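Single-letter residue listing:
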Amino acid sequence: MTAQLIDGKAVAKTIEAEVVAAIASLGIAPGLVAVRVGNDPASEVYVRSKAKKARELGLRGDELILPESTSEAELLAHIDRLNHDDAVDGILVQLPLPPQIDAKKVIDAIDPSKDVDGFHPINVGKLHLGRPTLAPCTPAGVIRLIESTGAAIAGSNAVVIGRSDIVGKPMAALLLQRNATVTIAHSRTRDLPSVVRGADIVVAAVGKPLLVTRGMVKPGAVVIDVGMNRLATSDADIVAHDEEKSRLLAKNGTVLVGDVDFARVREVAGWITPVPGGVGPMTIAMLMRNAVTAAQWRRR
Ligand code: GUN
């Protein structure tokens, strides 16, 4: 049996339609500002895509681009200004930040009601208490992907691999809230394969190419791959068994793979997300959802 593919692009389109409908009933265009400090190439792409998608769906989407040399005080002054700007419903500061800026101070400075990334300690606390809040976009998107399969979350054994503040920890909180039995595995977990083998739902979010192998996955499990690892030709042996990825690597000199050995795990899983085209498209869609939610809550 081969796993059914979870189409992140299709589910993201559904979310985007919800966003468009919610904006229509709100009657105003929510304002979203994506802040970038410096010229990290990945951050450039992300921030531009976020502002562009916002405008495409009928939000007011802006980029605030600051130089690499920006001081912490200068960035905090911009945050303060955006916090007090009534036309701004959502603020996100793209991470990572240059070394002279403490990301924790920046996150703490964002008005929690405008914190569309869901990273502020107030929002993290609410998430873990099961109270309504702006939840981090990637794990919230993963929940929607799991729901799209029709698989039951309540009562399932869910294993989250990775304990980052952005994905692993909030992912575990969202699954627990939906009554899964949740295990968080990480770099110090003893015998990862046996832990993962018990999972009905696996969420891999560690950034280790092809960490999750076929032998680790329970037949029929839902496997969600949050990993985004770019391999170079020097890594060709990692994907040697994967015809498609090897072909792309030979053609382009680089290839994007997840934390799951897709080619082999798909032979046993019930459902699986591809990389790219799985979790990736959901993150920005959920950010748009959060921006609209922030506008609804702030304006009621
Ligand atoms: N860097 C990596 N992921 C994220 C994210 O979800 N939000 C922000 N702001 N920065 C990130």
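For the structure, check the block above.
Here the structure is a predicted model, which means the values were calculated and not measured.

Moving on, we get to the packing of helix α1 (residues 8-26) against helix α11 (residues 280-298). Interhelical geometry of α1 versus α11 gives an angle of 15° and a closest axis separation of 9 Å. For the element pair α1 / α11, the angle class is roughly parallel. Considering the relative orientation of α1 and α11, their crossing is left-handed. Together, Gly8, Lys9, Val11, Ala12, Ile15, Glu16, Glu18, Val19, Ala22, Ile23 and Leu26 of α1 and Pro281, Met282, Ala285, Met286, Met288, Arg289, Val292, Ala295 and Gln296 of α11 make up the contact between the two elements. Here the contact of α1 with α11 is built from residues that sort into 14 nonpolar, two polar and four charged.

Before going further, it helps to examine helix α2 (residues 41-56). Helix length check: α2, at 16 residues, gives a terminal C-alpha distance of 22 Å against a target of 22 Å (1.5 Å per residue), a fit within 8%. Listed as buried for α2 are Ser43, Val47, Lys50, Ala51, Lys53 and Ala54. All buried residues of α2 fall inside an arc of 165° around its axis, so they share one side. Turned more than 90 degrees from where α2 packs its buried face, Pro41, Lys52 and Glu56 sit exposed. Tucked into the core, α2 has its buried residues touching α1, β2 (31-37), β3 (60-66), β4 (90-93) and α11. Of the residues one or two after α2, glycine 58 is the one with positive phi, at around 100°.

The biggest cluster of nonpolar side chains holds 49 residues, and the ones touching the most others in it are Leu32, Leu59, Val142, Ile146, Leu175, Ile224 and Met288. Excluding its chain neighbours within four sequence positions, the residues that come into contact with leucine 175 are Ile143, Ile146, Ile153, Ala158, Val160, Ala180 and Val182. One finds Leu192, Ala199, Val212 and Val260 within the second-largest nonpolar core, a separate group that totals 19 residues.

Bringing α1 into the picture now. Taking 1.5 Å of rise per residue, the 19 residues of α1 would be expected to cover 27 Å, and the 27 Å separating its terminal C-alpha atoms lies within 8% of that figure. Check the buried side of α1 and you find it contacts α2, α6 (137-149) and α11. You can read the cap of α1 off the contacts: a side-chain oxygen lies 3.1 Å from the backbone nitrogen of lysine 9, and it is on aspartate 7. After α1 finishes, the residue glycine 27 shows a positive phi value of roughly 80°.

Below, the discussion takes up the packing of α1 against α6. For any two helices packed against each other, one specifies the crossing angle of their axes together with the interaxial distance. Between α1 and α6, the least distance of the axes is 10 Å, while the angle of their chain directions is 110°. Relative to α6, α1 is oriented roughly perpendicular. Where α1 abuts α6, its residues Gly8, Val11, Ile15 and Glu18 lie against Arg144, Leu145 and Ser148. In the contact of α1 with α6, the residues fall into three nonpolar, two polar and two charged.

A few words now on the sheet that holds β4. Hydrogen bonds between backbone atoms are what pair the strands of a sheet, whose relative direction is either parallel or antiparallel. If you walk across this open sheet you meet the three strands as β3-β2-β4, and the pairing is parallel. In this open sheet, the two edge strands, each paired with only one partner strand, are β3 and β4. Averaged over neighbouring strand pairs, the angle between their axes works out to 15° when direction is ignored. Examined bridge by bridge, β2 and β3 share seven bridges and lie parallel to one another. When the sheet's bridge partners are listed, valine 37 is paired in β3 with leucine 66. Where α2 meets the sheet, it contacts β2, β3 and β4, and its direction lies at approximately 155° from that of β3.

What surrounds the ligand is the set Lys50, Leu92, Val93, Gln94, Leu95, Asp117 and Phe119. Measuring from a nitrogen atom of the ligand, one finds a side-chain N or O atom of glutamine 94 at 3.3 Å. Note that a nitrogen atom of the ligand is positioned 2.6 Å from one of the side-chain N or O atoms of aspartate 117. Computed on the free molecule, the ligand has an accessible area of 280 Å², of which 79% lies beneath the protein chains in the complex. Among the residues making up the shell around the ligand, the classes are represented as four nonpolar, one polar and two charged.

Two side chains with opposite charge may pair up if their charged atoms get near one another. Within the structure shown, the criterion is met by 16 salt bridges. Put simply, arginine 298 and aspartate 86 hold a salt bridge, and the shortest N to O gap is 3.8 Å. Of this pair, arginine 298 sits in helix α11 while aspartate 86 sits in the loop between α3 (72-83) and β4, placing them 212 residues apart in sequence. A residue is classified by how much of its surface remains accessible, and arginine 298, at 26% relative accessible area, is partly exposed. In this structure, the salt-bridge partner of arginine 178 is glutamate 147, at a minimum N-O distance of 3.8 Å. In this pair, arginine 178 is assigned in the loop between α7 (168-177) and β6 (181-185) and glutamate 147 in helix α6, connecting sequence segments 31 residues apart. The class for arginine 178 is partly exposed, based on a relative accessible area of 29%. On the basis of relative accessibility, which here comes to 42%, the residue glutamate 147 falls in the partly exposed class. A network of salt bridges, in which partner residues are shared, links Lys13, Glu16, Lys53 and Glu56.

Criteria and cut-off values
- Residues numbered from 1 in each chain as written.
- Predicted model: local features only at pLDDT ≥ 70, side-chain atom pairs only at ≥ 80, totals over all residues.
- Heavy atoms only, no water.
- Axes fitted to C-alpha atoms, helices over the stretch in contact; angles between N-to-C directions.
- Helix = DSSP H or I, 4+ residues; strand = E, 2+ residues; numbered from the N terminus.
- Parallel < 35°, antiparallel > 145°, perpendicular 65-115°, else oblique.
- Left-handed = near helix turned anticlockwise from the far one by under 90°.
- Contact = heavy atoms within 4.5 Å.
- Nonpolar A, V, L, I, M, F, W, Y, C, P; charged D, E, K, R; others polar.
- Expected span 1.5 Å × (residues − 1).
- Buried < 20%, exposed > 50% of the residue type's maximum accessible area, 1.4 Å probe, protein only.
- Arc of directions from axis to C-beta.
- Core = buried A, V, L, I, M, F, W, Y, C linked by side-chain atoms within 4.5 Å.
- Polar contact = N/O pair within 3.5 Å; in protein donor to acceptor, adjacent residues only side chain to side chain.
- Pairing = 2+ DSSP bridges.
- Near = heavy atom within 4 Å.
- Areas by Shrake-Rupley, 256 points an atom, 1.4 Å probe, with all protein chains shown as cover.
- Salt bridge = Lys/Arg side-chain N within 4 Å of Asp/Glu carboxyl O.

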